[in-house]
Amino acid sequence: ILPTIGLNLTSVLTLHGTSTEVFLNLGMYHKVLPMWVIEEICINIPNILTSVTRFHLRYFFPFKRVEIIRNGVDSRKFNPRRYTDVERYRRKYGIRREKTVLTVGKLVRQKGTEFLIKALEYVKGSLCLLIVGSGDRRGYLERLSKEVMRKTKHKILFLGSVSDEELKELYALSDVFVLPSINEGLPLSLLEAMSFGKPIIATRVAGVPEVMDRKKGILVRPKCPRESGE
């Protein structure tokens, strides 16, 4: 947005998150103030400012009206009535009769996948956790998963990147969707799971509480594997 200064151009800036919030949540406090200054300047440059959530604006002082335009998904495509052959999907991914938990997202620190894996240590019985996504923490998460599986009866499968069609099959076969993020905007994976009518457990971060309440799922604090939610 900075190059638009002085060029007499009409500009639009949409916030899907802020680095100020990311650095706060990751404990990188030495970067918070300089990034806040940069972002405070930037959000006041454009002619039109939009955000996918109200949450992203809480540390800033925009001098103009902000339009909240939330993310969305096509509920005709993410429709459980179109994906009813659940038994075939379970055979395809090697899942037996155990309850299945699904999480979708990049395997990076801010997605909090490690806390979901650790939470399985406090869950009785046998679950199958399906992890969709790729990223630089996959090696660490796989090692952590092996430790958890040695201690429990749970199964953890890393599926990597999948096609759009495969993703819909995974939503259809899952019993519960979990979003364990430390930091978020308004994640499409959450909206997709909601479109499929799945029970949801999600961390109380960013725009998640703006679209989810107790009637739609369970909200928990980030980085708290043992929390039961509300």
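For the structure itself, consult the block above.
As the structure is a prediction and not an experimental result, all values here were calculated from the model. (Residues numbered from 1 in each chain as written. Predicted model: local features only at pLDDT ≥ 70, side-chain atom pairs only at ≥ 80, totals over all residues. Heavy atoms only, no water.)

Asker: Please explain the pattern of salt bridges as it appears in this structure.
Answerer: Between side chains of opposite charge, a pair can form as their charged atoms come close. For the coordinates displayed, the defined rule picks out 12 salt bridges. One salt bridge connects Arg65 with Glu67, and the closest N-O pair in it is separated by 3.3 Å. Overall, the relative accessible area of 67% leaves Arg65 in the exposed class. Between Lys151 and Glu121 there is a salt bridge, with the nearest N and O atoms lying 3.7 Å from each other. Highlighted residues: Lys151 in helix α5 (residues 138-151) and Glu121 in the loop between α4 (113-119) and β5 (127-132), separated in sequence by 30 residues. We classify Lys151 as exposed; its relative accessible area is 59%. Judged by relative accessible area, which is 34%, Glu121 ranks as partly exposed. (Salt bridge = Lys/Arg side-chain N within 4 Å of Asp/Glu carboxyl O. Buried < 20%, exposed > 50% of the residue type's maximum accessible area, 1.4 Å probe, protein only. Helix = DSSP H or I, 4+ residues; strand = E, 2+ residues; numbered from the N terminus.)

Asker: Mind showing me how you'd approach the environment of Leu57 here?
Answerer: Here Leu57 is to be found in the loop between β2 (48-51) and β3 (66-68). Leu57 sits in the buried class, given a relative accessible area of 14%. Between the C-alpha atom of Leu57 and that of Glu21, which follows or precedes it by 36 residues, the distance is 10.0 Å. Those residues in contact with Leu57, other than ones at most four positions away along the chain, are Leu15, Val66 and Ile68. (Contact = heavy atoms within 4.5 Å.)

Asker: Looking at this structure, I do not really get the nonpolar core. What am I missing?
Answerer: Note that soluble globular proteins tend to have their nonpolar side chains buried in a common cluster. Of all hydrophobic cores here, the largest spans 30 residues; its most connected members are Leu102, Tyr171, Phe177 and Val208. Elements supplying a minimum of two residues to this core: β4 (99-104), β5, α6 (164-173), β7 (176-179), α7 (188-195), β8 (200-203) and α8 (208-211). With five residues, the top contributor of residues to this core is α6. Apart from residues lying up to four places away in sequence, Tyr171 is in contact with Phe78, Leu102, Val104, Phe177, Ser189, Glu192, Ala193, Phe196 and Lys198. Leu116, Leu120, Leu129 and Leu141 belong to the second-largest nonpolar core, a separate cluster that totals 14 residues. (Core = buried A, V, L, I, M, F, W, Y, C linked by side-chain atoms within 4.5 Å.)

Asker: Help me understand the sheet that holds β3, please; the structure alone is not making it clear to me.
Answerer: In any sheet, the strands associate via hydrogen bonds between backbone groups, in a parallel or an antiparallel arrangement. Sheet architecture is open: three strands sit in the order β1-β2-β3, paired in parallel fashion. Across the chains shown, the open sheet's two edge strands, defined by having one partner strand only, are β1 (12-15) and β3. In this sheet, neighbouring strand axes are inclined to one another by 25 degrees on average, regardless of whether the strands run parallel or antiparallel. The pairing of β2 with β3 spans three bridges and is parallel. Looking at β3, one finds that Ser51 is bridged to Ile68. (Pairing = 2+ DSSP bridges. Axes fitted to C-alpha atoms, helices over the stretch in contact; angles between N-to-C directions.)

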